[in-house]
Amino acid sequence: MKTIRKSSKLAHVLYDIRGPIMERAKQMEEEGQKLIKLNIGNLAAFGFDAPEEVQQDMIRNLPNSAGYSDSKGIFAARKAIMHYTQTQGVQGVTLDDVYLGNGASDLIAMATNALLDDGDELLLPAPDYPLWTAVATLSGGKPVHYLCDENQGWIPDLADIRAKITPRTKGIVIINPNNPTGVVYPDAVLQDIVTLAREHNLVILADEVYDKVLYDDVKHTAMASLSTDVLTLTFNSLSKSYRACGYRAGWMTVSGDKRAARDYIDGLDMLANMKLCANVPGQWAIQTALGGYQSINDLVREGGRLRRQRDLAYELITAIPGVTCVKPQAALYMFPRLDPDVYPIKDDRQFFLEMLEATRVMLVQGTGFNWASPDHFRMVFLPHEPDLREAIGRVAGFLKAYREGVS
């Protein structure tokens, strides 16, 4: 029998957030083992519920959700998103500039497919959210990673970005607030990136899914608010700020000078038409979410559950010898560093697979986020405090045994 093989387009595509370690975890659960999962930002699994008014609005509109919507989305949701961009200081977004998708991930793939020809380059942060690298590859493009400097608080290295721009560079991806590091970029850095994009005629693709998950009174600036001329695509969703990952309700807005991008926008429209529409029940939740009480603020303020768990996780993980971490200002993650002199790891995927089997705690290795060296990992701080203490305690025990084994 002839072997049926996967497409060669997948040869260099990785998504280790749900990769081999996840497969082993499923096997362990099937064997009856109970795991603590610090690998993925799935809020509902840790008791973070979507706002009740959002749930109710979606339920009430189920009778109106059986048919296809407009390919860009229902009017009420798109209008609410348009108004939201205005509150952020973004100019020139009309209803026609708003696209709804099955989560931001759906729209990231659509925008990248419409932008890249074979061999075109897309600038991406290192570390990154690995979906971006994967879709750039699947689009036939070449992902080119620019350095975010840990010694400078994970801020993008402007000189490195500039050095990596070539005639084939079509766009630059900015993940702010950042996943996996939890950093929020200063306005001055964002302005410098806008200037680079203007100078080299690059499209800015701004992933701002965590724009409301902010700690310590940190302020987030929408990338699209910093120019009226640079074409900027902004991605957001209900998944994180409204704890509604499974609703698959995301959106993309197009702003800046759209006249020279008419052909590209035609491509976006074509791809939106081809998928018919996004999940309609989830679309009905958007207007209520954006216009209603912002309960995320209760979770991230001092004393709020997410703030407490961030502080606890940071305190516990940095107390482990040889482990350092830039304290996250936003999002649901931290990206600790394992000192290579203390932890001389060669294969970090294998290392964290062994940690899973020994501790029943699931983490994601740093190379899964396109960080070149095997010396980091991403962890979420979503479990309740007793579970966080237990999980990080097990990790500390595993790392202590490793240190003793190599000394």
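Cut-offs applied
- Residues numbered from 1 in each chain as written.
- Predicted model: local features only at pLDDT ≥ 70, side-chain atom pairs only at ≥ 80, totals over all residues.
- Heavy atoms only, no water.
- Helix = DSSP H or I, 4+ residues; strand = E, 2+ residues; numbered from the N terminus.
- Rg over C-alpha atoms; globule rule 2.2 N^0.38 Å.
- Buried < 20%, exposed > 50% of the residue type's maximum accessible area, 1.4 Å probe, protein only.
- Contact = heavy atoms within 4.5 Å.
- Areas by Shrake-Rupley, 256 points an atom, 1.4 Å probe, with all protein chains shown as cover.
- Lys, Arg positive; Asp, Glu negative; His and termini not counted.
- Charge placed at Lys NZ, Arg CZ, Asp CG, Glu CD.
- Pairing = 2+ DSSP bridges.
- Axes fitted to C-alpha atoms, helices over the stretch in contact; angles between N-to-C directions.
- Expected span 1.5 Å × (residues − 1).
- Arc of directions from axis to C-beta.
- Core = buried A, V, L, I, M, F, W, Y, C linked by side-chain atoms within 4.5 Å.
- Left-handed = near helix turned anticlockwise from the far one by under 90°.
- Nonpolar A, V, L, I, M, F, W, Y, C, P; charged D, E, K, R; others polar.

**With respect to the overall build of the chain**
- Scanning the chain from terminus to terminus reveals 13 helices and 15 strands.
- Rg of the C-alpha trace for the chain: 21 Å, near the compact-globule value of 22 Å for 407 residues, within the 12% margin.
- A total of 407 residues make up the chain; the buried ones form 56% of that total.
- Pairs at least 24 residues apart make up 74% of the contacts formed inside the chain by residues separated by at least 6 positions.
- Total accessible area on the chain is roughly 17500 Å²; 50% of this is exposed by carbon and sulfur atoms.
- The averaged location of the 50 negative side-chain charges in the chain is 3 Å from the averaged location of its 43 positive side-chain charges.

**Quick look at the sheet that holds strand β9 (residues 250-255)**
- Across the sheet, eight strands lie side by side as β2-β9-β8-β7-β6-β3-β4-β5; this open sheet has mixed pairing. Each edge of the open sheet carries a strand with a single partner, namely β2 (98-101) and β5 (155-156).
- Most of the contacts of helix α5 (residues 130-138) go to strand β4 (residues 142-149), to which it runs at about 155 degrees, and overall it touches β3 (121-126), β4, β6 (169-175), β7 (203-207) and β8 (232-237).

**Structural notes on the sheet that holds strand β11 (residues 333-334)**
- Here we have three strands laid out as an open sheet, ordered β11-β15-β14, and antiparallel in their pairing. Each having just a single partner strand, β11 and β14 (364-365) make up the two edges of the open sheet.
- Sheet topology places β14 next to strand β15 (residues 377-380); two bridges connect them, and they run antiparallel. Note on β15: the bridge partner recorded for Q365 is F377.

**A look at helix α12 (residues 348-359)**
- Its 12 residues place the ends of α12 16 Å apart at the C-alpha level, agreeing with the 16 Å of an ideal helix rising 1.5 Å per residue.
- Every buried residue of α12 is accounted for by D348, F351, F352, M355, L356 and T359. Relative to the axis of α12, the buried residues are bounded by an arc of 140 degrees and lie together on one face.
- Packed against the buried residues of α12 are α1 (20-30), β12 (337-338), β13 (361-362), β14, β15 and α13 (385-406).
- Phi turns positive one or two residues past the end of α12, at R360, with a value near 60 degrees.

**Topic: the nonpolar core**
- Counting residues in each nonpolar core, the largest one holds 79 residues, and the members touching the most others are L233, F235, L306 and L399.
- Setting aside chain neighbours within four positions, we find L233 in contact with A111, V203, I204, L205, A206, M252, T253, V254, Y264 and L268.
- L226, V364, F369 and W371 belong to the second-largest nonpolar core, a separate cluster that totals 29 residues.

**Notes on the packing of helix α3 (residues 75-87) against helix α9 (residues 280-291)**
- Two elements in contact, α3 and α9, have axes whose closest approach is 8 Å; the angle formed by their N-to-C orientations is 35 degrees. Viewed along their axes, α3 and α9 form a crossing whose handedness is left-handed. Across the interface between the two elements, A76, A77, A80, I81 and Y84 from α3 touch Q283, I286, Q287 and L290 from α9.
- Partitioning the contact of α3 with α9 into residue classes produces seven nonpolar, two polar and no charged.

Everything listed here is a matter of coordinates, which is why it stays silent on function.
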